[in-house]
Structure formats: structure tokens, C-alpha cells
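A look at the structure
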Amino acid sequence: MNKSFREKIYSITRRIPVGAVTTYGQIARLAGNDRAARAVGFFMKMNPFAPEVPCHRVVSADGSLTGYSAKGGLARKHQLLKEEGVVFKNGRIDLSVSRWKTGETENTGPF
DNA sequence: ATTTTGACTTAAG
DNA sequence: GCTTAAGCCAAAA
């Protein structure tokens, strides 16, 4: 059970359903440290499991996109989220709608 | 143990 | 709405 924080972070991020997004702070909170938002972003950059961990569903607290180490950069991230059904407003994500709700029934897909 | 880095967050002007 | 500053945490060297 000596699971490092990074394992928790990846585990949580991997659970994010399609069409939903979450913030670094939220993941940090689920991991047990609501102040580790920075560390979360740090692990995302390492992202040893590119397609396994949907890091593109992780955005800043304002709903704005920050970085994306995978190919395509932020442009790719923005496109992926848009394709998955995430609602964008003024170039930012509408967290009121697309924010991931933990414990909720998972969606079968974008549609 | 210390230092550096980073895809964060919040507060204040 | 934007910029600056400070706080915060974890991993690697």
C-alpha cells in the first residue's frame, strides 16, 4: 500500500469519463492533498502513460487549458476535449457543465 | 538534507 | 480582464 502520490494521480486521472474535465486541484484533493495541485501538473508532464491517462481532460481551475506534453500541444488538447463533448465558452471550458463529478455514473461515450 | 523545477491556486492591485 | 507575488507540494539530482 505504499502507493506514491504519482500512482494515485494517474489512477484518478485514468478514471475521468469521456466528456468530463477536472482541475489539478480537484485531483490533488482526491489524492488526499488538496494543495498538491502543483505536484499533479508535474506528474502530468512526466506522463509515462500517454494514452492510458487522459491528461488532456485535466485543466486549470478556471477551465482554461494549460499545457500538453503529448504531440499536438494545446491545440490537440483543445480539439480532443471539444470532440468529446466538453463545452467551451470564450475559449475556456464551462466547468459548470463539463466538470467531472466523482461518484457519478460513468457515461458510455461522448454521445 | 538542500536545491531546482513545474501543465497549480489564490489573493491583491 | 490581466499581471505580480506568495504559498504549496512532490520527485529528481
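Computed from a prediction, not measured in an experiment: that's the story for all the values here.

1. A closer look at the overall build of chain A
- Looking only at helices and strands, chain A features five helices and four strands.
- N-terminal to C-terminal, the α/β element order of chain A is α-β-α-α-β-α-β-β-α.
- Taking 111 residues into account, the globule formula puts the C-alpha radius of gyration at 13 Å, and chain A, at 13 Å, falls close to it.
- Each principal axis of the C-alpha atoms in chain A carries an extent, and together these give about 40 × 30 × 25 Å.
- Counting over 111 residues, chain A shows a buried share of 40%.
- Of the contacts formed within chain A by residues at least 6 apart in sequence, a portion of 63% connects residues at least 24 apart.
- Between the centroid of the 18 positive side chains of chain A and the centroid of its 9 negative side chains there is a distance of 5 Å.

2. Remarks on the protein's contact with DNA strand C
- Neighbouring DNA strand C are the residues Ser-4, Phe-5, Asn-33, Arg-35, Ala-36, Arg-38, Ala-39, Phe-43 and Arg-92.
- Counting only atoms of DNA strand C within 4 Å of the protein, the fraction found in sugar and phosphate groups is 58%.
- At 3.4 Å, a backbone N or O of Arg-35 approaches a sugar or linking oxygen of DNA strand C.
- Arg-38 has a polar side-chain atom sitting 2.6 Å from a base nitrogen of DNA strand C.
- A class-by-class count of the residues in the surface near DNA strand C yields four nonpolar, two polar and three charged.

3. Things to note about the packing of aromatic side chains
- Evaluated as defined, the whole model comprises one aromatic pair.
- In this structure, Lys-8 packs its charged tip against the face of Phe-5, placed 5.2 Å from the ring centre.

4. Some details on the nonpolar core
- Ile-9, Ile-27, Val-40, Met-44 and Val-58 are the most contacted members of the largest nonpolar core, which totals 18 residues.
- Within the residue set of this core, elements represented by two or more residues are α1 (5-14), α2 (24-31) and α3 (37-46).
- Ranked by residues supplied to this core, first place goes to α2 with four residues.
- With residues near it in sequence (within four places) discarded, Met-44 still touches Ile-9, Tyr-10, Thr-13, Tyr-24, Cys-55, Val-58 and Ser-69.

Conventions used here
- Residues numbered from 1 in each chain as written.
- Chains lettered and ligands numbered in written order.
- Predicted model: local features only at pLDDT ≥ 70, side-chain atom pairs only at ≥ 80, totals over all residues.
- Heavy atoms only, no water.
- Helix = DSSP H or I, 4+ residues; strand = E, 2+ residues; numbered from the N terminus.
- Rg over C-alpha atoms; globule rule 2.2 N^0.38 Å.
- Buried < 20%, exposed > 50% of the residue type's maximum accessible area, 1.4 Å probe, protein only.
- Contact = heavy atoms within 4.5 Å.
- Lys, Arg positive; Asp, Glu negative; His and termini not counted.
- Charge placed at Lys NZ, Arg CZ, Asp CG, Glu CD.
- Near = heavy atom within 4 Å.
- Polar contact = N/O pair within 3.5 Å; in protein donor to acceptor, adjacent residues only side chain to side chain.
- Nonpolar A, V, L, I, M, F, W, Y, C, P; charged D, E, K, R; others polar.
- Phe/Tyr/Trp six-rings, centres within 6.5 Å; stacked < 30°, edge-to-face > 60°.
- Lys NZ or Arg CZ within 6 Å of the ring centre and 35° of its normal.
- Core = buried A, V, L, I, M, F, W, Y, C linked by side-chain atoms within 4.5 Å.

None of this, on its own, says anything about what the molecule does.
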